Amino acid sequence: MAWVLLFLAGLLEIIWAYAMKQSHGFSRFLPTFVMAVAMIGSFGLLAVSMRSLPLGTAYMIWTGIGAIGAFAVGVWVLGEAITPQRLIAALLIVAGMVTMKLS
């Protein structure tokens, strides 16, 4: 169950990162509100998952899901550039997450 909660926490991290971008420096209420709610939920689920998962593993997987998810949203939703360097960086993050999960 801890892994499911951690995955959900990572999804909420993607949501709050995107909402933060859409808030335009906290000048728009609804995206700022969504960001705050998603942040609280993300941190809460991360904390609960850490009851049974090691700190380093949980934190790395959580940030990795958020980083890869935010990268994907940036590319697919916001039209950000896909460069070889960015793809390599994303693959390295995924490789680190897999290695941490297997260790």
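These figures come from a predicted structure and were not determined experimentally.

Chemist: A description of the UniProt feature "transmembrane region" (unreviewed entry) in the protein chain should follow, citing residues and the corresponding values.
Modeler: The feature "transmembrane region" (unreviewed entry), as given by UniProt, occupies residues 29-48, 60-79 and 85-102 in the numbering adopted here. Across residues 29-48 one finds 100% helix and 0% strand; the C-alpha atoms that close the span lie 29 Å apart. End C-alpha to end C-alpha, residues 60-79 measures 26 Å, and it is 85% helix and 0% strand.

Chemist: Before we move on, could you go through the packing of aromatic side chains and cite the residues and values that matter?
Modeler: Taken as a whole, this structure holds 3 aromatic pairs when the rule is applied. Ring geometry for Phe43 against Trp62: centres 5.4 Å apart, planes inclined by 55°, an arrangement best described as tilted. Here Trp62 lies in helix α3 (residues 55-76) and Phe43 lies in helix α2 (residues 29-49), a separation of 19 residues in the sequence. Relative to Trp62, the ring of Tyr59 has its centre 5.6 Å away and its plane inclined at 45°; by these criteria the two rings are tilted. Of the two residues, Tyr59 and Trp62 both sit in helix α3, 3 residues apart, roughly one turn of that helix. Residue Trp62 is classed as buried on the basis of its relative accessible area of 3%. Through a chain of ring-to-ring contacts, three or more aromatic side chains come together here, namely Phe43, Tyr59 and Trp62. Positioned over the ring face of Trp3 is Lys101, at 4.6 Å from the centre of the ring.

Chemist: How would you sum up the nonpolar core? Please name residues and give values.
Modeler: Counting 11 residues, the largest nonpolar core consists of Ala2, Leu6, Ala9, Ile14, Leu46, Leu53, Ala58, Ile61, Trp62, Ile65 and Met97. What Ile14 contacts, discounting residues up to four positions off in sequence, is Ile65, Gly66, Gly69, Ala70 and Val73.

Chemist: Describe the side chain of Glu13, and please don't skip the residues or the numbers.
Modeler: You can see Glu13 is positioned in helix α1 (residues 2-22). Lacking a salt bridge, the buried Glu13 has Arg86 as its closest oppositely charged neighbour, with an N-O distance of 14 Å. Not counting the four nearest positions on each side in its chain, Glu13 is found in contact with Ser42, Trp62, Thr63 and Gly66.

Chemist: Describe the packing of α1 against α2, with residues and values.
Modeler: Contact geometry of α1 with α2 gives a least axis separation of 8 Å together with a crossing angle of 160°. Considering the angle they form, α1 stands roughly antiparallel to α2. Considering the relative orientation of α1 and α2, their crossing is left-handed. Of α2, the residues touching α1 (which contributes Ala2, Leu5, Leu6, Leu8, Ala9, Leu12, Glu13, Ile15, Trp16, Ala19, Met20 and Gln22) are Pro31, Val34, Met35, Ala38, Met39, Gly41, Ser42, Leu45, Leu46, Val48 and Ser49. The residue inventory of the contact of α1 with α2, partitioned by class, reads 18 nonpolar, 4 polar and 1 charged.

What counts and what doesn't
- Residues numbered from 1 in each chain as written.
- Predicted model: local features only at pLDDT ≥ 70, side-chain atom pairs only at ≥ 80, totals over all residues.
- Heavy atoms only, no water.
- UniProt positions renumbered as here; feature names shortened; annotations may be inferred.
- Helix = DSSP H or I, 4+ residues; strand = E, 2+ residues; numbered from the N terminus.
- Phe/Tyr/Trp six-rings, centres within 6.5 Å; stacked < 30°, edge-to-face > 60°.
- Buried < 20%, exposed > 50% of the residue type's maximum accessible area, 1.4 Å probe, protein only.
- Lys NZ or Arg CZ within 6 Å of the ring centre and 35° of its normal.
- Core = buried A, V, L, I, M, F, W, Y, C linked by side-chain atoms within 4.5 Å.
- Contact = heavy atoms within 4.5 Å.
- Lys, Arg positive; Asp, Glu negative; His and termini not counted.
- Salt bridge = Lys/Arg side-chain N within 4 Å of Asp/Glu carboxyl O.
- Axes fitted to C-alpha atoms, helices over the stretch in contact; angles between N-to-C directions.
- Parallel < 35°, antiparallel > 145°, perpendicular 65-115°, else oblique.
- Left-handed = near helix turned anticlockwise from the far one by under 90°.
- Nonpolar A, V, L, I, M, F, W, Y, C, P; charged D, E, K, R; others polar.

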